[in-house]
Amino acid sequence: QAKERGHNVCSYFSEELHQKRRSRYLIAAQLHHALERNEFSLVYQPKISLTTGEVVGAEALLRWHNAELGAVPADLFIPLAEDTGLINEIGDWVLEEAVAQAKTWCESGCATPIAINLSARQFQDGSILQRIENALSGHGLDSRWLSVELTETCFLANAEQTADTLLALRERGVGVSIDDFGTGFSSLSYIRTMSLDHLKIDRSFISSITGSNRDRQLVSAIIAMSQALGLSVVAEGVETHEQLEVLRELGCDQVQGYLICRPQRADDFVSWYEQYSITSFLNGAGA
Ligand code: C2E
Ligand code: MG
Ligand code: MG
Ligand code: MG
């Protein structure tokens, strides 16, 4: 009997594993055609200055809608795109689309710098600088309207080349943010050696700053350290007024999160932007 059950448990797990592999395979197969089928789009989420209340930028986030799979979460398909190498082509599309959008916004009443996310693989062949350069000149966009966000994993593979690229990007006027700070290996040495503008504290820390005194102290220390190094600090994933107030007390520079605005399509972003009130934000209304 026990043997019987053991066997069932085993086949159950291998069945589950098989399903997982199969669905990964199916998703990857669809992902290969996503660009040619025009299945990607970008949504935009604002970043707000905690001190002035102004909209200081928008982060572009990739969305994939497939006819068979429906909307596939970014956390699911981005790692697949990274593993298959597709992220380079997809990343080019994101860059092109975001720069075109920034240009459109510059010429309308919604001039907002746009930040794109870059994966480690996009730094590997050393052409990312030229690609960004081409996108900017192709659209005649001033570099101050574009910035990049990268995670700590970008420093693992080729620290020296990444350092050179970041320096060149900043010299060219493209802002650089370190994303999801605190979740990776968080070595202080790259903060010291890399050329950066902003540090984004991962939302896992933000979600617990009101409940855990330890996490509040930790965020406070990250803010102090960043500011001592001349970096501005962005808190991501702000969902409650309480979190916003704590971040204000701790002297955080910028905030981003569902409390203020969810990521949304460009036209909805513009509508939000037009009705956004600095005074009501500063008076604690959130947005
Ligand atoms: P990220 O760059 O750290 O982006 C923040 C994520 O948190 C986004 O998820 C955003 O929708 C979500 N978020 C924003 N505010 C809140 C909030 O208040 N509460 C909660 N619970 N979540 C919030 P999303 O869009 O699913 O993207 C996930 C990750 O996928 C991104 O994390 C980024 O690492 C990656 N990603 C997205 N677009 C791109 C892209 O174009 N290229 C690359 N290489 N990676 C991308
Ligand atoms: Mg990001
Ligand atoms: Mg992040
Ligand atoms: Mg993330």
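Above this text is the structure in question.
This is a predicted model, so every value here is computed, not measured. (Residues numbered from 1 in each chain as written. Chains lettered and ligands numbered in written order. Predicted model: local features only at pLDDT ≥ 70, side-chain atom pairs only at ≥ 80, totals over all residues. Heavy atoms only, no water.)

Asks: Mind showing me how you'd approach the overall build of the protein chain here?
Replies: If you tally the helices and strands in the protein chain, you get twelve helices and nine strands. By the compact-globule yardstick of 19 Å for 287 residues, the protein chain fits well, its C-alpha radius of gyration being 21 Å. Overall, the C-alpha framework of the protein chain stretches about 70 × 50 × 40 Å when taken along its three principal axes. Considering the protein chain as a whole, with its 287 residues, one finds that 44% of them fall into the buried category. Sequence separation of at least 24 residues holds for 68% of the intrachain contacts in the protein chain that already meet a minimum separation of 6. In the protein chain, the 23 positive side-chain charges and the 38 negative ones have mean positions that sit 6 Å from each other. (Helix = DSSP H or I, 4+ residues; strand = E, 2+ residues; numbered from the N terminus. Rg over C-alpha atoms; globule rule 2.2 N^0.38 Å. Buried < 20%, exposed > 50% of the residue type's maximum accessible area, 1.4 Å probe, protein only. Contact = heavy atoms within 4.5 Å. Lys, Arg positive; Asp, Glu negative; His and termini not counted. Charge placed at Lys NZ, Arg CZ, Asp CG, Glu CD.)

Asks: Looking at this structure, I do not really get the pattern of salt bridges. What am I missing?
Replies: For the structure shown, the criterion picks out 13 salt bridges. The salt bridge involving Asp125 is made with Arg131; its shortest N-O contact spans 3.8 Å. For Asp125, a relative accessible area of 52% corresponds to the exposed category. Across the salt bridge formed by Glu149 and Lys200, the nearest N and O atoms sit 2.9 Å from each other. You can see Glu149 sitting in strand E5 (residues 146–150) and its partner Lys200 sitting in strand E7 (residues 198–201), a full 51 residues away along the chain. Take Glu149 and Lys200: they sit in the same class, and that class is buried. What you see here is one network of salt bridges that share partners, running through Lys47, Glu59, Glu149, Lys200 and Glu236. (Salt bridge = Lys/Arg side-chain N within 4 Å of Asp/Glu carboxyl O.)

Asks: Is there a simple way to explain the pairing of strand E2 (residues 55–66) in this structure?
Replies: A regular strand places its side chains so that they alternate between the two faces of the sheet. By the criterion of burial, E2 is predominantly enclosed, with nine of the twelve residues buried. The pairing of strand E1 (residues 40–49) with E2 spans nine bridges and is classified as antiparallel. Bridge pairing in E2 links Val43 to Leu61. The loop that links E1 with its antiparallel partner E2 comprises five residues; one of these, Gly53, has a positive phi angle of about 80°. (Pairing = 2+ DSSP bridges.)

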